[in-house]
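Architecture and fold: a report
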Amino acid sequence: MPGNPLAITLCGIPLRNPVLAASGTFGYGIEFAKIVDLNILGGIVTKGLSREPIPGNPAPRLWHTEGGMINSVGLQNIGVSAFIREKLPKLYKYSVPVFANVFGYAVEDYLEVIRALEDAEGVAGYELNVSCPNTKHGGIFFSSDPDLLADLVSQARSIARRPLIVKLSPNVARIDPFAQAAEQSGADAISLVNTFVSLAIDPLTRKPRIGAGYGGLSGPAIKPLALRLVAQAAHAVKIPVIGLGGIASGEDAAEFLIAGASAVQVGTATFIDPRAPAQIARQLQGVLSELALPDIGALAGHMKSPCRAQ
Ligand SMILES: Cc1cc2nc3c(=O)[nH]c(=O)nc-3n(C[C@H](O)[C@H](O)[C@H](O)COP(=O)(O)O)c2cc1C
C-alpha cells in the first residue's frame, strides 16, 4: 500500500493499518458493518469459536470497575459450523483481513475448529486463545504450562496452512517461557494480553458481582501491566508481537508499538464506541506526524531507553 504510512505486513498479510478489533468485543465483525466501515480497519479478530455452540456463563456477566470492567461471558459462541455458514460469507465481501479466534478444552477441540476453517474461504489466519483449562490434564490451563502450550501449538501448526497467532495469558509469573514455547512450536506471531483473572464482591450480599465468581479484567486499568508484558515478550522472541490491553487512544497504541509490538488490538474501548479501532488508527497517524516519522516501522520497537531486567 504505497503512500500509506500506517500500512504494515503481519505474518505475510498486508494490513492497511496496525489496529485490529480484538476478540470478543467486536462480535463476528459483520454485526458492526452498519455502524463501522469494516474496510478501514487493520483487521478483525472474531469472537472465540469452538467446535460446538456454547451458551456461556450465568448472569451477571459484566461489572464496571475503576478504569475497566470484569467480564465472564464464558466464551459464548455460535460454534464454528454456524460461523462458516452464516457469518463468513457476509464478511467475504469486505476487504478487511479476518482472523478466527479459536479455543477448546482439549487439543483435539482446537484441531477440529481449525480443520473446519481450513476449508473455508475468507479467513486470513488463526488466533489461538490458550487461556482455557485442558480438561484432559486435570483442568490445567494451556496458558499456564509451557509444555501443554507447546504441544497444542505444534499440533495446531501441523494442520494449519494459514498464519497462526498464539494469544497469551497475563496470569503467569513470567511471560518469556510462554512466548518462547509458542515461537519454538511454530507460531507465526503471539498476541497478548488476554484478561487478568479478577474478583469484585458486593459487600451487602457478600456475593461475587459476577455470576460465575471470578471474571477477566480489561480496559485502561490493565494497560501498564499489559505494556510491561508486551515489552518483555517482544524482548524474548523474534516473531511479531501483537499488543493489547486497555488501548483507548492513538498514543496508547503508540506506546505498545514502541515497546516492541508490530500491531495492536482494541477491545474494551469498542464497548464505549464501536468506531474506536478506526479512530485509534487515525490518531496513530497523528502521532507519526507529530514525531515527524515517515511510517509505523520508524516507531515500532524504537524505545529510546531500555528497561532494566525485573
Ligand atoms: C466481553 C469480552 C469478551 C472477550 N472474549 C474473548 C474471546 O472470545 N477470545 C479471546 O481470546 N479474548 C476475549 N476477550 C479478551 C479481549 O480480546 C482482550 O484480550 C482483553 O479484553 C484485553 O484488551 P482490552 O483491554 O482492550 O479489552 C474478551 C474480552 C471481553 C471484554
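Analysis parameters
Residues numbered from 1 in each chain as written. Predicted model: local features only at pLDDT ≥ 70, side-chain atom pairs only at ≥ 80, totals over all residues. Heavy atoms only, no water. Helix = DSSP H or I, 4+ residues; strand = E, 2+ residues; numbered from the N terminus. Rg over C-alpha atoms; globule rule 2.2 N^0.38 Å. Buried < 20%, exposed > 50% of the residue type's maximum accessible area, 1.4 Å probe, protein only. Contact = heavy atoms within 4.5 Å. Areas by Shrake-Rupley, 256 points an atom, 1.4 Å probe, with all protein chains shown as cover. Lys, Arg positive; Asp, Glu negative; His and termini not counted. Charge placed at Lys NZ, Arg CZ, Asp CG, Glu CD. Polar contact = N/O pair within 3.5 Å; in protein donor to acceptor, adjacent residues only side chain to side chain. Near = heavy atom within 4 Å. 1 Å grid on protein atoms, 1.4 Å probe; cavity = no way out; pocket = protein on both sides within 12 Å on 5 of 7 lines; lining within 4 Å. Sits in = over half its atoms within 2 Å of the grid points. Pairing = 2+ DSSP bridges. Salt bridge = Lys/Arg side-chain N within 4 Å of Asp/Glu carboxyl O. Axes fitted to C-alpha atoms, helices over the stretch in contact; angles between N-to-C directions. Points joined across faces, edges and corners; volume = space filled by probe spheres on them. Nonpolar A, V, L, I, M, F, W, Y, C, P; charged D, E, K, R; others polar. Core = buried A, V, L, I, M, F, W, Y, C linked by side-chain atoms within 4.5 Å. Arc of directions from axis to C-beta.

A word on the overall build of the chain. Within the chain one finds eight helices and 18 strands. For 310 residues, the compact-globule formula gives about 19 Å, and the C-alpha radius of gyration of the chain, at 18 Å, lands near that figure. If you line up the chain on its principal axes, its C-alpha atoms span 50 × 50 × 40 Å. Across the 310 residues that make up the chain, the buried fraction comes to 51%. By sequence separation, contacts in the chain at least 24 residues apart represent 67% of the contacts at least 6 residues apart. For the chain, the accessible area works out to roughly 13,900 Å², and carbon and sulfur atoms hold 55% of it. If the 26 positive side-chain charges of the chain are averaged to one point and the 25 negative ones to another, these points end up 4 Å apart.

By the element assignment, S23 lies in the loop between β3 (19–21) and β4 (43–45). A polar contact is formed between the side chain of S23 and the side chain of N101, at a distance of 3.4 Å.

What follows concerns helix α6 (residues 250–258). Because each turn of an α-helix spans 3.6 residues, side chains separated by three or four positions end up pointing in the same direction. Three or more residues of α6 are buried, namely G250, D252, A253, A254, F256 and L257. Residues of α6 that are buried make contact with α5 (223–236), β17 (241–243), β18 (263–266) and α8 (276–290).

Moving on, we come to the site of the ligand. Surrounding the ligand, one finds 25 residues, the nearest of these being S23, K167, G219, G246 and T268. In the model, an oxygen atom of the ligand is placed 2.8 Å from a nitrogen or oxygen of the K167 side chain. Here an oxygen atom of the ligand sits 3.0 Å away from a polar atom, N or O, in the main chain of G267. Contact with the protein chains hides 97% of the accessible area of the ligand, taken as 610 Å² for the molecule alone. The cavity that encloses the ligand is the largest pocket.

The next thing to look at is the pairing of strand β5 (residues 62–65). As judged from the four bridges shared by β5 and strand β6 (residues 68–71), these two strands associate in the antiparallel manner. Among the inter-strand pairings, W63 is bridged to a residue of β6, identified as I70.

Across all of its chains, the model carries twelve salt bridges by this definition. Its salt-bridge partner being R51, residue D109 comes within 3.0 Å of it at the nearest N-O pair. Separated by 58 residues along the polypeptide, D109 in helix α2 (residues 107–118) and R51 in the loop between β4 and β5 bring together distant segments of the chain. Under the relative-accessibility criterion, R51 is labelled partly exposed at 33%. A cluster of three or more residues bridged by salt bridges with shared partners is formed by E108, E112 and R115.

Judged by pairing direction, the barrel is parallel, and its eight strands sit side by side in the order β3-β4-β7-β8-β11-β12-β17-β18 before closing back on the first. Across the sheet, the mean angle separating the axes of adjacent strands is 30 degrees when strand polarity is ignored. Against the sheet, helix α3 (residues 146–159) makes contact with β8 (125–129) and β11 (164–167), and its axis sits at roughly 160 degrees relative to β11, the strand it touches most.

Estimated volume of the largest pocket: approximately 1,100 Å³. Lining the largest pocket are 49 residues, with N71, L75, N194, T195 and G216 sitting closest to its centre. If you list the elements that add at least two residues to the lining of the largest pocket, you get β6, β13 (196–198), β16 (215–218), β18 and α7 (269–272). Per element, the largest residue contribution to the lining of the largest pocket is three residues, and it comes from β16. Across the lining of the largest pocket, the residue classes break down as 20 nonpolar, 26 polar and three charged. Estimates place the volume of the second largest pocket at around 520 Å³. Along the walls of the second largest pocket sit 19 residues, with A231, Q232, H235, M303 and C307 positioned nearest its centre. Per element, the largest residue contribution to the lining of the second largest pocket is seven residues, and it comes from α5. Taken together, the residues that form the lining of the second largest pocket break down as ten nonpolar, five polar and four charged.

We now examine the nonpolar core. Core analysis: the largest hydrophobic core is formed by 100 residues, its most contacted members being L117, L128, V166, I190 and L192. Ignoring any residue separated from it by four or fewer positions in sequence, one finds V166 in contact with L128, V130, L149, V153, A182, A187, A189, I190 and S191.

Turning our attention to helix α1 (residues 80–91). Within the span of α1, buried status applies to V80, A82, F83, K87, L88 and L91. What you see down the axis of α1 is that its buried residues fit within an arc of 155 degrees, all on one side. Close packing links the buried residues of α1 with β7 (98–102) and α2.

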